[in-house]
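Each chain, written out:
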Amino acid sequence: MVETLVVDGKNITLVGTAHVSKDSARLVKDIIHHQKPDTVCVELCASRMKSIKDTDSWRNMDIVKIIKEKKAMLLLINLMLAAFQKKIAEKFDIKPGQEMINAIEAAEEEGAAVVPADREIQTTLARVWRSMGLWEKLKLMFQLLMSVGSSEEITEEDIEEMKKEDILQTLLADVKKSHPIMEKVLIDERDQYLSAKIRNAPGNTIVAVVGAGHLAGIKRYMASEKEISTSELDALPPGGNLGKMLKWAIPTLILVLFVAGFFMKGKDAGADMIWLWIGANGFFAGLGALIALAHPYTIISSIVAAPLTSLNPMIAAGWVSGLVEAIFRKPKVRDLEAIPVDILSVRGFWRNNVTRILLVVVFTNLGSTIGTMTAIPLMLKVMQ
């Protein structure tokens, strides 16, 4: 899984690895020490490289800030991906991303520059999330939760198979089949990004350590004369026009239905429609919070907030319930320190105060969405 290229007068060695393979970890170190390159590029974004070097970074997490910045879902997905990789790695007695750690250490020993060549994981996940509908999002959440407990079934042979594809591909294979754009965001866009970063890295001799699933794409883009703009790949695409329209159209439709119900069917029908709206939204949002094992006051807050926030495109029920959960079950230092261990099991996600807050946000929002979709046809039935 080693390819040597000459691009723009630079000697570039691509080392394809499996992210949880001992052989890959040894190979990386051997090649770097043998070639003594000017630069070593690694398939890490800047934030992931920082987290590898700073193992105490969890202690600096501000969960309230994450909720307010609408990053709860992205962080939860990121933690689930980390859990899957960490469990496999521990099963085969190797640190997660050991080949990247070896690459950084070997580069520093040889005095080579280290370049994080991958796109920020949050950007990649955000682009994936924005490309998905509600059903795909539900399937994604279910699959990731199941993956946390599935690593015991993986064998050494399965690890070798992972050399053929990106670890994100492995995790999201089923979802990807029904949502082809994920292939573009997870793999093709990152192939472009990696190739551009490697190609423009300083020095004449470069070793690039990447997942084996990216080798073919990187080589293809390296051979192309078309210029790749990493700034475009870094940008979050604007929400689709349909999404923007629905964001305001649904609350407007609900309000119109309320008014129409009172004027066309009388006050009893109008009152029934209001109670259907409150009941459906409150029930499913509360159910979502309950599934996340939220504090009783959090469950009550989600039931009260959902019917109101669903009429306000700027606020989500999950943000309210997440903040309430953070107040009544404020994460302590021990919760932050326990994240690397707790994410290794499904039970741990619900036990840890930090990850449970993320689950509260996500499940309350999903419940509120389901409640809205349930309430509308029931209200239309009253109008008939």
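Please refer to the structure placed before this passage.
None of the values given here were measured: they were computed from a predicted structure.

Student: Describe in detail the overall build of the chain, supporting the description with residues and values.
Tutor: For the chain, the helix and strand inventory stands at 20 helices and 5 strands. With 384 residues in all, the chain has 51% of them scored as buried. Working note: accessible area of the chain is about 18400 Å², and carbon and sulfur atoms make up 60% of it.

Student: Report on helix H6 (residues 121–130), specifying residues and quantitative values.
Tutor: Burial of H6 is extensive: 8 of the 10 residues sit out of reach of the surface. Buried within H6 we find Ile121, Thr123, Thr124, Leu125, Ala126, Arg127, Val128 and Trp129.

Student: Outline the sheet that holds strand S4 (residues 113–116), supporting the account with residue identities and numerical values.
Tutor: One open sheet accounts for 5 strands, arranged S1-S2-S5-S3-S4; its pairing is mixed. At either margin of the open sheet sits one strand with a lone partner, and together these are strand S1 (2–7) and S4. Shown here is a sheet whose adjacent strand axes are inclined to one another by a mean of 20°, direction ignored. Looking at chain direction, strand S2 (residues 10–17) and strand S5 (residues 205–211) are connected through 7 bridges and run parallel. Bridge pairing in S5 links threonine 17 to glycine 211. Helix-sheet contacts for helix H1 (residues 22–35) involve S1, S2, strand S3 (39–42) and S5, and the interaxial angle to S2 is about 165°. Across the sheet, helix H5 (residues 98–110) is in contact with S2, S3, S4 and S5; its angle to S3 comes to roughly 165°.

Student: Hey, could you go over the packing of aromatic side chains for me, with residue numbers and the actual values?
Tutor: Two aromatic rings are characterised by how far apart their centres lie and by the angle between their planes. Summed over all chains, the structure comprises 3 aromatic pairs. Centre to centre, the rings of phenylalanine 283 and phenylalanine 284 are 5.1 Å apart; their planes meet at 80°, and the pair counts as edge-to-face. According to the relative accessible area criterion, phenylalanine 283 is exposed, its value standing at 52%. Using a relative accessible area of 23% as the deciding quantity, one classes phenylalanine 284 as partly exposed.

Student: I'd like a description of the nonpolar core, backed by residues and values.
Tutor: In terms of nonpolar packing, the biggest core is built from 42 residues, with Leu76, Leu79, Phe349, Leu358 and Leu359 touching the most fellow members. Listing elements by their share of this core, those giving two or more residues are helix H3 (63–68), helix H4 (72–91), H6, helix H11 (181–199), helix H18 (333–342), helix H19 (346–351) and helix H20 (353–383).

Student: Give a description of the pattern of salt bridges that names residues and reports values.
Tutor: Enumeration according to the criterion identifies 14 salt bridges in this entry. Residues arginine 190 and glutamate 43 are paired through a salt bridge, measuring 2.9 Å at the closest nitrogen-oxygen approach. Residue arginine 190 is located in helix H11, and its partner glutamate 43 is located in the loop between S3 and helix H2 (46–53); the two are separated by 147 residues in the primary sequence. Per residue, the accessibility class of arginine 190 equals that of glutamate 43, and both read buried. Taking the shortest distance from any N to any O, the salt bridge between arginine 119 and glutamate 189 comes out at 2.8 Å. One end of the pair, arginine 119, is in the loop between S4 and H6; the other, glutamate 189, is in helix H11, with 70 residues separating them in the sequence. Of the two residues, arginine 119 and glutamate 189, both sit in the buried class. Beyond isolated ion pairs, a larger network of salt bridges with shared partners links Glu43, Arg48, Asp118 and Arg190.

Student: Quick rundown of the environment of aspartate 188? Include the residues and the values.
Tutor: Position of aspartate 188 relative to the elements: it lies in helix H11. Residue aspartate 188 is classed as partly exposed on the basis of its relative accessible area of 22%. Separated by 26 residues in the primary sequence, aspartate 188 and histidine 214 place their C-alpha atoms 8.5 Å from one another. If we skip the residues at most four places from it in the chain, aspartate 188 touches Glu183, Arg220 and Tyr221.

Student: Let's hear about a nonpolar patch on the surface: which residues, and what values?
Tutor: There is a patch of nonpolar side chains on the surface, built from Tyr297, Ile300, Ile303, Val304, Ile327 and Phe328 and spanning about 610 Å² of accessible area. Of all elements in the fold, only helix H16 (296–309) and helix H17 (317–328) reach the threshold of two or more residues within the nonpolar patch. For the nonpolar patch, the element with the most residues is H16, which contributes 4 residues. You can see isoleucine 300 is positioned in helix H16.

Student: Lay out the packing of helix H15 (residues 267–291) against H16 in plain terms, naming residues and giving numbers.
Tutor: Running from N to C, H15 and H16 cross one another at 145°; their axes reach a closest spacing of 7 Å. Between H15 and H16 lies a crossing of right-handed hand. Across the interface between the two elements, Trp277, Ile278, Asn281, Gly282, Ala285, Gly286, Ala289 and Leu290 of H15 pack against Ile299, Ser302, Ile303, Ala306 and Pro307 of H16. Split by residue class, the contact of H15 with H16 holds 9 nonpolar, 4 polar and no charged.

Reading the values: rules and limits
Residues numbered from 1 in each chain as written. Predicted model: local features only at pLDDT ≥ 70, side-chain atom pairs only at ≥ 80, totals over all residues. Heavy atoms only, no water. Helix = DSSP H or I, 4+ residues; strand = E, 2+ residues; numbered from the N terminus. Buried < 20%, exposed > 50% of the residue type's maximum accessible area, 1.4 Å probe, protein only. Areas by Shrake-Rupley, 256 points an atom, 1.4 Å probe, with all protein chains shown as cover. Pairing = 2+ DSSP bridges. Axes fitted to C-alpha atoms, helices over the stretch in contact; angles between N-to-C directions. Contact = heavy atoms within 4.5 Å. Phe/Tyr/Trp six-rings, centres within 6.5 Å; stacked < 30°, edge-to-face > 60°. Core = buried A, V, L, I, M, F, W, Y, C linked by side-chain atoms within 4.5 Å. Salt bridge = Lys/Arg side-chain N within 4 Å of Asp/Glu carboxyl O. Patch = residues over 30% accessible without salt bridge, like charges linked within 9 Å, V, L, I, M, F, W, Y side chains within 5 Å. Left-handed = near helix turned anticlockwise from the far one by under 90°. Nonpolar A, V, L, I, M, F, W, Y, C, P; charged D, E, K, R; others polar.

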